[in-house]
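# Remarks on the overall topology
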Amino acid sequence: MDSALAKEIEEAVLQVLNNSDMDSTTEYQVRKLASEQIGIDLSEPSRKKLVRSIVQTYLEEQQAKAEAAEEKVTEEGEPVEEEEEDSEDDKKKRKGDKEYDDEGDLIVCRLSDKRRVTLTEFRGKSLVSIREYYKRDGKELPSSKGISLTAEQWSVFSKNVPAIEKAIKKLDGRY
């Protein structure tokens, strides 16, 4: 991606962020509005990753401004201790407790060193993926071993978890 396109995307995303209610606006909504504004599909992985980094930087700057304003207001006037900074790798992959993979998908949890649950977007639909990963050239890549569920499918599955747990206990009781 050339720097002119990256700059155009950044300007559009920042404009959307500045005009949005940050308590209710999602990254998907920001990406969609910016995409419509500049007429470029921003769901392509490298563009999606760029949008995510712009949003994260914007949120970090807003949080820093809010913390600076709070510090000025404190009655004691004593500076608040700063937290130790994460490495650049950690900043790229995490925001708070959230961890993202190399494609910019949210890692919900790691089931083992090779299996994880991620939230991803494919063709405009949010998917919950439970999948095995493998390493190649230092990157963790998804394998074909796994399943991706739409929000509707996930809802049906999660409603049936108690029945699954009950069946597991019943099976465990036989052995």
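Above: the structure in question.
A brief look at the structure comes next. These numbers come from a predicted model, not from an experiment.

What follows covers the overall build of the chain. Looking only at helices and strands, the chain features six helices and six strands. When its helices and strands are written in sequence order, the chain yields α-α-α-α-β-β-β-β-β-β-α-α. Taking contacts inside the chain between residues at least 6 apart in sequence as the whole, the part at least 24 apart equals 35%.

Another point: the environment of Asn 18. With respect to the helices, strands and loops of the structure, Asn 18 is situated in helix H1 (residues 3-18). On the basis of relative accessibility, which here comes to 52%, the residue Asn 18 falls in the exposed class. Sequence-wise, Asn 18 and Tyr 58 are 40 residues apart; in three dimensions their C-alpha atoms are separated by 9.3 Å. Engagement of the side chain of Asn 18 in a polar contact is seen with the side chain of Tyr 58, the distance being 3.2 Å.

According to the stated counting rule, one finds eight salt bridges in the structure shown. Note that Glu 132 is salt-bridged to Arg 115, the shortest N-O span being 2.9 Å. Taken together, the residues span a long stretch of sequence, with Glu 132 in strand E5 (residues 125-136) and Arg 115 in strand E4 (residues 115-122) at a distance of 17 residues. Residue Arg 115 is classed as partly exposed on the basis of its relative accessible area, which comes to 44%.

Glancing now at unusual backbone geometry. Non-glycine residue Arg 123 carries a positive phi angle of around 50 degrees. Within the secondary structure, Arg 123 sits in the loop between E4 and E5. The exposed category is assigned to Arg 123, whose relative accessible area is 77%. Its identity is not glycine, yet Asp 137 carries a phi of approximately 50 degrees, on the positive side.

Turning our eyes to something else, we now look at the packing of H1 against helix H2 (residues 27-38). Helices that pack against each other are described as a pair by the angle of their axes relative to one another and the distance between those axes. Between H1 and H2, the shortest axis-to-axis distance is 9 Å and the interhelical angle comes to 120 degrees. In terms of orientation, H1 and H2 fall into the oblique class. Between H1 and H2 lies a crossing whose hand is right-handed. Along its contact with H1, which presents Glu 8, Ile 9, Ala 12, Val 13, Gln 15, Val 16 and Leu 17, the element H2 presents Val 30, Leu 33, Ala 34, Gln 37 and Ile 38.

One finds Ile 9, Val 13 and Leu 42 to be the most contacted residues of the largest nonpolar core, which totals 15 residues. Among the elements that make up this core, the one with the highest residue count is H1 (six residues). Contacts of Leu 42, omitting those with residues within four sequence positions, involve Ile 9, Arg 31, Ala 34, Ser 35, Arg 47, Lys 48 and Val 51.

Here strand E2 (residues 98-100) runs beside strand E3 (residues 106-110); their pairing, made up of two bridges, is antiparallel. Considered in E3, the bridge of Glu 99 is made with Ile 107. Counted along the chain from E2 to the antiparallel partner E3, the turn is five residues long, and its residue Gly 104 has a positive phi close to 90 degrees. Here E3 runs beside E4; their pairing, made up of four bridges, is antiparallel. By the bridge assignment, Cys 109 is partnered in E4 with Val 117. The loop that links E3 with its antiparallel partner E4 comprises four residues.

In this fold, Lys 48 is placed in helix H3 (residues 45-73). Assessed through its relative accessible area of 7%, Lys 48 is described here as buried.

Parameters at a glance
Residues numbered from 1 in each chain as written. Predicted model: local features only at pLDDT ≥ 70, side-chain atom pairs only at ≥ 80, totals over all residues. Heavy atoms only, no water. Helix = DSSP H or I, 4+ residues; strand = E, 2+ residues; numbered from the N terminus. Contact = heavy atoms within 4.5 Å. Buried < 20%, exposed > 50% of the residue type's maximum accessible area, 1.4 Å probe, protein only. Polar contact = N/O pair within 3.5 Å; in protein donor to acceptor, adjacent residues only side chain to side chain. Salt bridge = Lys/Arg side-chain N within 4 Å of Asp/Glu carboxyl O. Axes fitted to C-alpha atoms, helices over the stretch in contact; angles between N-to-C directions. Parallel < 35°, antiparallel > 145°, perpendicular 65-115°, else oblique. Left-handed = near helix turned anticlockwise from the far one by under 90°. Core = buried A, V, L, I, M, F, W, Y, C linked by side-chain atoms within 4.5 Å. Pairing = 2+ DSSP bridges.

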